[in-house]
Amino acid sequence: MSANQHTDREYKRRINAWCMYDWANSAFATTILAAVLPVYYSQVAGATLPSEARATAYWSTGISISLLIAAVISPILGTVSDIKRGKKPLLAIFAGVGIVGTGLLVLVDTGDWLLASMLFIVGRVGFTAANVFYDALLPHVATEDDRDRVSTRGYAMGYLGGGLLLAINVVMIQLLPGTWGPRLSFLSVAIWWAVFSIPLFLRVPEPPSATAALTPGENVVIVSFRRLAATLKDVRQYRELFKFLIAFLIYNDGIGTIITVSAIYGAELGFGSVELVLALLLVQFVGIPFSLVFGRLPNRAERRRPLFLAFILFNTVCLPLVGIVARHVLPGETTGAPLPAYETVGDALGEGVYSADGGTLSYTGSWETTTVSAEELRLDQDVRYSITREAGADYALSFNGQRVELTYSMGPDRGIWAVEMDGQPLIDPDTGSPLTLDGYNATVRYGTRRTVQAETPGEHVLRLVNTGRQNPGSAGTLMTVSQAKVLEPARQSNLLVVLGLVIGLQVVGILFALLLGRPLFSRLADRLDTRSSVILALVVYSVIAVWGFFLNSVVEFWFLAWMVAIVQGGSQALSRSLYASMSPAAKSGEFFGLYGVMEKFSAIIGPLLFAGAATLFDSSRPAVLSLIVLFIVGIYLLLRVNIEAGQRVAKQEDAALFGGGDG
């Protein structure tokens, strides 16, 4: 039965059930991929690895392995699902694999980095492979003229579901003791994913197969390989579709990279974890209405299109302008702009990195030095560590500032060290008791960092003292320190003021759209179709890339996050629906398998390009700016796709296979 033959009531139920799966599995994207597991892997599961850099390298390797596996199996399994009428069964299998792998992460504790890597790979493969079959159901669930709206609605539901569970998980992590907060968060993702997937399996029917039944003795996998090979060989027939795939690969590189590196970029600029996490939640929830808005832009029956277009263009121009003006006009304590640097005053050292080896740090007692190789540390140069076993021996720094980052090593023979500020024990803000650093770790780990902070900026003396005491699991009282770094003034911001500015600007934008949207933008809105709406989103992304190069305050970062939220869901959802319109419904599994391959490669290539540019210029700013090339090239290639010709080929093939239906 084709989608347009369903009753209105049943059609709405199927749409709701299909969109609900986006609500279900987006919890994996927010909690597992973006916010919680990466940090937990580095700080807890990888705590026994030699360094944080090694943990990051292993985590990145797991990401690459999972994406490679998914990229290899997606087109083959997609073709199998077409031949065997198995989209829902395969969706169930791989969703189950992802759910089980995610749920078992509850078992991961300190040092379990190998188990965490294996379970993450299983979960990620299940997540990405299941999405192939979920996307392949779109042309069978939604009518041709409704695909843009349905696709963007799915993304909006994903933003809401993923954002809600992430907010719950953040509360769990704050309230539950030890590692139970993150571990139970992983389990909650599995339960959330499983429960909210049920409507799809109950309400969405399995699409019919347009392929004749296999003859006795034929193997479905071999037949799938043959058909996929024939499709790739006959590129001319699907020329426009493949041209779109190339354009999608290019511009989705930029979109995926912005999503992936935004938190890391913000941390590099010195923004606090609270500002970064809340900005991520902001994107999740603000993306909901804007995804729905983008879904209506190509719909010629939508009378509010000029208003929507005016509102988007207003934000594209005014968010950067107001953000930049606010940074320069308002106090740095409000906007999170850089504060004046700390300078050396007499014996008190200003901002910089200092080591005992360089003569800028003082220490008492009996000390030795050892050099750790660059290969072991994964640094550009060897690093020297100062070592003492003597109780009462100290390592001191006279500095002008407020925060100091200590770098030391941990190991099985390390002991417990006291931290003093200006001759008094430094109080741990979390416990209210004197702060100590426990150097014990089951294996040696270099490059461990801990930031300590004086109550007020100014001239202070920091001392790290070997207490001579040891952790119950330790075999010694060794203290090893590499360096101390006087950090720049901590960025300060008033998030209520920042949020108030954003909301106030949106109110002005709504008034602008209501008053001037129709007279100024009706003609332009009438020319919008799915492709031009995607191009509009890519233009906004180009502005984001340029602005990201100059950005240097929390207020700008939040304004930019709002700008990303405007286009992130809409650009990807409309790309999916545009691709669906050019794909034969009879081969939706096969073609969405190829679509999935392009998504996986964009998740690999884009971050590599970013990392290369950051390494070349020793800064992420030029790397952010370089992303504009991907958007410009993507727009150029997208303009060269003959959408109508691609859609005509898809309809002709479906007519031949289905007798005129859409499956």
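Residues numbered from 1 in each chain as written. Predicted model: local features only at pLDDT ≥ 70, side-chain atom pairs only at ≥ 80, totals over all residues. Heavy atoms only, no water.

*Asks:* An account of the overall build of the protein chain is needed here, citing residue identities and associated values.
*Replies:* Assigned secondary structure in the protein chain consists of 20 helices and 10 strands. Considering only residue pairs separated by 6 or more positions, the protein chain has 83% of its internal contacts joining residues 24 or more positions apart. Carbon and sulfur atoms provide 61% of the accessible area of the protein chain, an area that totals close to 28100 Å². (Helix = DSSP H or I, 4+ residues; strand = E, 2+ residues; numbered from the N terminus. Contact = heavy atoms within 4.5 Å. Areas by Shrake-Rupley, 256 points an atom, 1.4 Å probe, with all protein chains shown as cover.)

*Asks:* Give a description of the nonpolar core that names residues and reports values.
*Replies:* If you look at the biggest cluster of nonpolar residues, it comprises 139 residues, and the most contacted ones within it are Trp-18, Phe-244, Phe-294, Tyr-541, Ile-544 and Tyr-579. It is helix H17 (residues 554-581) that contributes the most residues to this core, 17 residues altogether. Setting aside residues up to four positions removed in sequence, Phe-244 forms contacts with Tyr-251, Ser-575, Leu-578, Tyr-579, Met-582, Tyr-595, Leu-638 and Val-641. Core analysis: the second largest hydrophobic core is formed by 27 residues, Leu-349, Phe-399, Tyr-408 and Val-486 among them. (Core = buried A, V, L, I, M, F, W, Y, C linked by side-chain atoms within 4.5 Å. Buried < 20%, exposed > 50% of the residue type's maximum accessible area, 1.4 Å probe, protein only.)

*Asks:* Tell me about the environment of Thr-467, and name the residues and values.
*Replies:* Inspection of the secondary structure puts Thr-467 in strand S9 (residues 445-469). In contact with Thr-467, other than residues within four places in its own chain, are Ala-391, Ile-416, Trp-417 and Ala-418.

*Asks:* Give a detailed account of the pattern of salt bridges, specifying residues and quantitative values.
*Replies:* On inspection of all chains with the given rule, the structure shows 14 salt bridges. Note that Arg-304 is salt-bridged to Glu-302, the shortest N-O span being 2.8 Å. Between Arg-414 and Asp-413 there is a salt bridge whose closest N-O contact spans 2.6 Å. Given a relative accessible area of 6%, Arg-414 falls into the buried group. (Salt bridge = Lys/Arg side-chain N within 4 Å of Asp/Glu carboxyl O.)

*Asks:* How would you explain the pairing of strand S6 (residues 416-421) if you had to name every residue and give the values?
*Replies:* Most of S6 is tucked away: 6 of the 6 residues are buried. Neither face of S6 is open: one carries Ile-416, Ala-418 and Glu-420, the other Trp-417, Val-419 and Met-421, and all of them are buried. The pairing of S6 with strand S8 (residues 436-438) spans 3 bridges and is antiparallel. Each residue of the ladder has a partner; that of Ile-416, found in S8, is Asp-438. Bridge count between S6 and S9: 6 bridges; the pairing is antiparallel. Bridge assignment links Met-421 to a residue of S9, and that residue is Leu-462. Both S6 and strand S7 (residues 424-425) contribute to a ladder of 2 bridges, which runs antiparallel. Among the inter-strand pairings, Glu-420 is bridged to a residue of S7, identified as Pro-425. (Pairing = 2+ DSSP bridges.)

*Asks:* Quick one: what's the story with the packing of aromatic side chains, residue by residue and with numbers?
*Replies:* If you walk through the whole model with that rule in mind, you get 26 aromatic pairs. For the pair Phe-244 and Phe-248, a centre-to-centre distance of 6.2 Å together with 20° between the ring planes defines the contact as stacked. Taken together, the positions of Phe-244 and Phe-248, both in helix H10 (residues 239-268) and 4 residues apart, correspond to about one turn of that helix. When sorted by exposure, Phe-244 lands in the same class as Phe-248, which is buried. Within the aromatic cluster, the residues linked to one another by ring pairs are Phe-244, Phe-248, Tyr-251 and Tyr-579. The ring of Trp-180 carries Arg-183 above its face, with NZ or CZ at 4.2 Å from the centroid. (Phe/Tyr/Trp six-rings, centres within 6.5 Å; stacked < 30°, edge-to-face > 60°. Lys NZ or Arg CZ within 6 Å of the ring centre and 35° of its normal.)

*Asks:* Can you tell me about a nonpolar patch on the surface, naming the residues and giving the values?
*Replies:* Among the surface-exposed residues, Val-171, Leu-175, Leu-176, Trp-180, Leu-184, Leu-187, Ile-191, Val-195, Ile-198 and Leu-202 lie close enough to one another that they form a single nonpolar patch of about 910 Å² accessible area. Listing elements by their share of the nonpolar patch, those giving two or more residues are helix H7 (147-175) and helix H8 (180-203). No other element matches the 7 residues that H8 contributes to the nonpolar patch. Examined against the element boundaries, Trp-180 turns out to sit in helix H8. By relative accessible area, Trp-180 is classed as partly exposed at 42%. (Patch = residues over 30% accessible without salt bridge, like charges linked within 9 Å, V, L, I, M, F, W, Y side chains within 5 Å.)

*Asks:* I'd like to hear about unusual backbone geometry, residue by residue, with values.
*Replies:* Backbone geometry at Asp-422 places phi at a positive 55°, although glycine is not the residue there. Here Asp-422 lies in the loop between S6 and S7. On the accessibility criterion, Asp-422 (41% relative accessible area) is partly exposed.

*Asks:* Which residues make up the confidence of the model for the protein chain, and what values go with them?
*Replies:* Per-chain confidence: the protein chain averages 86 in pLDDT, with 89% of residues scoring 70 or above. In the predicted structure, residues 1-5 sits below a pLDDT of 50 and forms 11 contacts with residues beyond four places in sequence or in another chain. (pLDDT = per-residue confidence, 0-100.)

*Asks:* Talk me through the side chain of Glu-275; I want residue IDs and the actual numbers.
*Replies:* With respect to the helices and strands, Glu-275 occurs in helix H11 (residues 273-296). Nearest to the buried, unbridged Glu-275 among oppositely charged side chains is Arg-491, at 8.6 Å. Setting aside chain neighbours within four positions, we find Glu-275 in contact with Ser-493, Leu-495, Val-554 and Trp-558. (Lys, Arg positive; Asp, Glu negative; His and termini not counted.)

*Asks:* Tell me about the layout of surface pockets, and name the residues and values.
*Replies:* Of the volumes computed, that of the second largest pocket is approximately 460 Å³. Lining the second largest pocket are 20 residues, and of these Glu-144, Asp-148, Pro-298, Thr-530 and Gln-647 sit closest to its centre. For the lining of the second largest pocket, the secondary structure elements donating two or more residues are H7, H11, helix H16 (530-550), H17 and helix H20 (643-658). Across the lining of the second largest pocket, the residue classes tally to 3 nonpolar, 6 polar and 11 charged. (1 Å grid on protein atoms, 1.4 Å probe; cavity = no way out; pocket = protein on both sides within 12 Å on 5 of 7 lines; lining within 4 Å. Points joined across faces, edges and corners; volume = space filled by probe spheres on them. Nonpolar A, V, L, I, M, F, W, Y, C, P; charged D, E, K, R; others polar.)

*Asks:* Before we move on, can you summarise the side chain of Thr-335 with the specific residues and values?
*Replies:* Along the chain, the position of Thr-335 falls in helix H13 (residues 332-335). What Thr-335 contacts, discounting residues up to four positions off in sequence, is Ala-326, Arg-327, Leu-330, Gln-492, Ser-493, Ser-553, Val-554 and Val-555.

*Asks:* Explain the environment of Tyr-155 to me, using residue names and the numbers behind them.
*Replies:* Residue position: Tyr-155 is located in helix H7. Assessed through its relative accessible area of 18%, Tyr-155 is described here as buried. Expressed as a C-alpha distance, the spacing of Tyr-155 and Ser-26, which sit 129 residues apart in the sequence, is 9.0 Å.

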